[in-house]
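Here are the chains, one letter per residue:
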Amino acid sequence: MTSLVEVDEVSKWFGELVAVSEVSFAVGPGVTALLGPNGAGKSTVLRMLCGLTPPSKGEVRVLGGDPRRDLALSANIGLVPQQEALFEGYSAYGFVHLAAVLLRVADPDRATRAALELVELDPDDRRGVGTYSKGMRQRVKVAQALVNDPTVVVLDEPLTGLDPRQRLHLISLFQRLGEDGRCVIVSSHVLDEVERFGSRVLVMAQGRLAAEGDYRAIRELMDDRPHRVRVRCDDPRMLAAGLLGANGVVGLQLVGTDGVVIETLDAAALRRRVALAAQRADLRLHEVTPLDDDLESVFRYLVERR
Amino acid sequence: MSAVASARLPVFRLVLRSQVSRARVGALLALGAVGIVVGASLGAADQVPELVDGRVVDGGLWAGARFVSTFGLSLLVPVTALVFAAASLGDLDEEGTLVYLWLRPVRRSRIVVAAAAASFTVAWPVVVVPLGVAAAATGGGRGLVAGTVAAATVALVAYTGLFCALGLVTKRSLVWGLLYVFIWEGFVATAADSAARLAVRTYARSVLSGVADVPLRGTVVDSPARWVVPIAVGAVALAFTTWRLARRDIA
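Residues numbered from 1 in each chain as written. Chains lettered and ligands numbered in written order. Predicted model: local features only at pLDDT ≥ 70, side-chain atom pairs only at ≥ 80, totals over all residues.

Draft legend 1. Representation of the sheet that holds strand β11 (residues 249–255) of chain A in the model. Residue and element names in this part refer to chain A. One open sheet holds the four strands; their spatial order is β11-β12-β10-β13, and the pairing between them is antiparallel. Taken across any chain shown, the strands that pair with only one partner, and hence form the sheet edges, are β11 and β13 (285–290). On average, adjacent strands in this sheet sit at an angle of 20° to one another, irrespective of strand direction. One ladder, built from six bridges, connects strand β10 (residues 227–233) with strand β12 (residues 259–264); its direction is antiparallel. Bridged to Val 229 within β12 is Ile 262. Of the strands in this sheet, β10, β11, β12 and β13 touch helix α9 (residues 267–280), which is tilted by about 20° from β10. (Pairing = 2+ DSSP bridges. Helix = DSSP H or I, 4+ residues; strand = E, 2+ residues; numbered from the N terminus. Axes fitted to C-alpha atoms, helices over the stretch in contact; angles between N-to-C directions. Contact = placed C-beta atoms within 7 Å.)

Draft legend 2. The arrangement of helix α6 (residues 142–169) of chain B in detail. Across its 28 residues, α6(B) extends 40 Å between first and last C-alpha, which sits within 8% of the 40 Å expected from 1.5 Å per residue. A large share of α6(B) lies buried, amounting to 21 of its 28 residues. (Expected span 1.5 Å × (residues − 1). Buried ≥ 20, exposed ≤ 12 C-beta atoms within 10 Å, placed from the backbone.)

Draft legend 3. Representation of the pairing of β13(A) within the structure. All names here are of chain A. The buried fraction of β13 amounts to zero of the six residues, a small share that puts the element mostly on the outside. Two strands pair when backbone bridges link them, and β10 and β13 are joined in this way by five bridges, in the antiparallel orientation. Within β13, the position partnered with Arg 232 by the bridge is Glu 287.

Draft legend 4. Representation of unusual backbone geometry. B:Pro224 follows B:Ser223 through a cis peptide bond whose omega is 5°. If you trace the backbone, B:Pro224 turns up in the loop between α9 (200–212) and α10 (225–247). Backbone geometry places A:Arg104, a non-glycine residue, at a positive phi of 55°. Here A:Arg104 lies in the loop between α2 (92–102) and α3 (108–118). A:Arg104 sits in the partly exposed class, given 17 other C-beta atoms within 10 Å. In this model, A:Glu120 sits at a positive phi of 60°, which is unusual for a non-glycine residue. As for its placement among the helices and strands, A:Glu120 is situated in the loop between α3 and α4 (134–146).

Draft legend 5. Molecular detail of the environment of A:Val140. Residues and elements named next belong to chain A. Within the secondary structure layout, Val 140 lies in helix α4. Owing to 25 C-beta atoms within 10 Å, Val 140 belongs among the buried residues under this scheme. For the pair Val 140 and Val 260, spaced 120 residues apart in sequence, the C-alpha separation works out to 51 Å. Ignoring sequence-local partners within four residues, the contact set of Val 140 consists of Leu 86, Ala 92, Phe 95, Val 96, Leu 121, Val 129 and Tyr 132.

Draft legend 6. Representation of the sheet that holds strand β5 (residues 77–80) of chain A. Residues and elements named next belong to chain A. Within the open sheet, the six strands sit side by side as β5-β6-β7-β3-β8-β9. Their pairing is mixed. At either end of the open sheet lies a strand with only one pairing partner, and these are β5 and β9 (208–214). Within this sheet the neighbouring strands show an average axis-to-axis angle of 15°, counted without direction. Sheet topology places strand β6 (residues 152–156) next to strand β7 (residues 183–188); five bridges connect them, and they run parallel. Paired with Val 153 across the bridge in β7 is Val 184. Its contacts with the sheet put helix α1 (residues 42–49) on β3 (30–35), β6, β7 and β8 (200–205), and the angle it makes with β7 is roughly 155°.

Written out as structure tokens, the structure is:
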């Protein structure tokens, strides 16, 4: 793989807050998803890739250059930043056209129209972007990032605020760009979103690179971890006794007067076993709740296992 | 990839558009209108010749020059420059839109010069025109009008540079700017000649005094320093702003 973006042992701290800690990866053509919960350091990594903030330690190279120092390099980086703000007095056409002019696109008018049509916005809509919905503003941001057809496209949570149809449209647009040889880096905190990109995934948590690989490998890694399930029933002691030694059950803990927390390596099989054990002991089940299926706990697990 | 865009005009237009809000321009024009009314009332009053530093000065000229110095150079010029120049890059930074200029192959100096030029372009008519009219209305004569226009323009150059930098350095640029204008220039700098030389107002007053040929107090700077220093201050401040823009984090 030809690396278009290289991040080598990069750390970034703001005062005493460590936002990114010793992160290394290389990215080539295609779509790469940067997955992680809010506050994981994804945006800081993306900002460093664009030169908007320098690394405190380590090195970032984009197309062989330093994005912080090489001014001309910025013509080859398209960024969709996280913040919503646009130049409020401008129409979508005016906003994207300004980007085209500053990027010295040969025919700014044609490029602007093409970029807006790419994201399904009307180039002749003269309303100010201040009147646009969140989803429309998001698409304006994508259009300005693509107006000069850059080699590296950096998208910080680009699907925020979009309706399902527009999400699908933009996901397929990003996939097309990746297939055409562009280096597309997309950040997201939504696992299903990343699944749709069908791409290579870099998982970030607590400022560190917690895992990397293609989507399926990451999914398996996440499913292989121990799961905790809380069960409330008439007699939790009897239920726990029925589950002792069962295949896949690695821990049992009584909680309160009517609950038991079960740790298992196979959540799906556990549900069947719980039902069977309850039936055998003639117990009434009140609740079966997975305790750590949220993304945060998945990321926490990935960080702890490294 | 070597091409670096010549982008001063689009950036100039962008900052100009973002600065010209009805409320902002309206409030400052209203302040200028107050100056015209006061100038006219001074002109309507009988002014007797004054003996200043052993020299007899025409009463209208003396009253007009003191008014321009007190109201125009101490209040209208610095406050207007602060409002526009601090916002030129500061607003973009605060809103999070500066990234759309920063991440372009455009020299930082061009962004800064374009932003400062836009501020100056908006501020000049808002300040100098009403102040010139007010000076004429006092009856101080053509010399006073020329001195007023020259002094206000020179001061505006310096303040624009200084406040452009301030807008990028701090989010509380209005507070710090007002503290500079009213505490440093209005109070500390009046205590000693050496401190006075660190105030833009001193140079502006010296220009007014020199061009209008009126012996104002606190005009300790001779020509050509009274002309050169404020312009140099503006230029150095813009150079600092460029340096700062290139090295700071962009949201």
